[in-house]
Amino acid sequence: MPIAESLPHVTDLDALYRKYAPDVFRFALYLSGERSDAEDITSETFVRAWASSERIELATVRGYFFTIARNLFLQSPRRSARSVGLREDLESKRASPYDGTAQRSELDAVMARLRTLPEIDRAALVMRAEHDMPYEEIAQALGISLSSAKVKVHRARLALAGIRAGLSP
């Protein structure tokens, strides 16, 4: 288990922002589904970290930022009306329009199924799959046990794997 670190002081926040803002943004985008909301959550995450007067002790600073971002998402009054949009940077590398359509159709099905998962399961899956976070950090960021974090990721993966196997979402 990594040694706990403290959040650096204000002078280091710029470096932390440059390093972690893309990860926080992607995480917020997967949770919210809206680019503008993800941008707001990302900005507010770093403002709250900067304004914090307490010494922050977590396994990683990234987990701390994800925890703030998730809490901001959960506190948002508009979260119930949200839907997860597709990432704009996804482009088909295949030559055939049919292949591109099939790939897009599968992605649409996966994203639709992802939206049906409980928020905490979706957050756990995104932390693990997109950000390669260890289960210990996921558990700490979500405030759940290690075994619960593993189960949530496993069940979310099974739910999404059913789509590739041809099962309905």
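Owing to the predicted nature of the structure, the values given are computational and were not obtained by experimental measurement.

**Student:** How would you summarise the packing of aromatic side chains if you had to cite specific residues and measurements?
**Tutor:** Taken as a whole, this structure holds five aromatic pairs when the rule is applied. Where Phe 46 meets Phe 65, the ring centres are 4.5 Å apart and the plane angle is 45 degrees; that geometry is what we call tilted. Remark: Phe 65 occurs in helix H3 (residues 61-75) and Phe 46 occurs in helix H2 (residues 35-51); sequence separation between them is 19 residues. Across the pair, exposure class does not vary: Phe 46 and Phe 65 are buried alike. Here a set of aromatic residues connected by ring pairs shows up, and it is made of Tyr 17, Tyr 20, Phe 46, Tyr 64 and Phe 65. A cation over a ring is seen here: Arg 128 above Tyr 135, with NZ or CZ 4.2 Å from the ring centre.

**Student:** Quick rundown of the pattern of salt bridges? Include the residues and the values.
**Tutor:** In total, this model carries five salt bridges according to the counting rule given. Glu 44 is paired through a salt bridge with Arg 48; the nearest N and O atoms lie 2.9 Å apart. Taken together, the positions of Glu 44 and Arg 48, both in helix H2 and four residues apart, correspond to about one turn of that helix. A relative accessible area of 31% means that Glu 44 is categorised as partly exposed. Linking Asp 121 and Lys 152 is a salt bridge whose minimum nitrogen-to-oxygen distance equals 3.4 Å. Note that Asp 121 is positioned in helix H5 (residues 119-129) and Lys 152 in helix H7 (residues 146-164), a separation of 31 residues in sequence. Pair check on accessibility: Asp 121 and Lys 152 agree, each one buried.

Here is what the cut-offs are and how they apply
Residues numbered from 1 in each chain as written. Predicted model: local features only at pLDDT ≥ 70, side-chain atom pairs only at ≥ 80, totals over all residues. Heavy atoms only, no water. Phe/Tyr/Trp six-rings, centres within 6.5 Å; stacked < 30°, edge-to-face > 60°. Helix = DSSP H or I, 4+ residues; strand = E, 2+ residues; numbered from the N terminus. Buried < 20%, exposed > 50% of the residue type's maximum accessible area, 1.4 Å probe, protein only. Lys NZ or Arg CZ within 6 Å of the ring centre and 35° of its normal. Salt bridge = Lys/Arg side-chain N within 4 Å of Asp/Glu carboxyl O.

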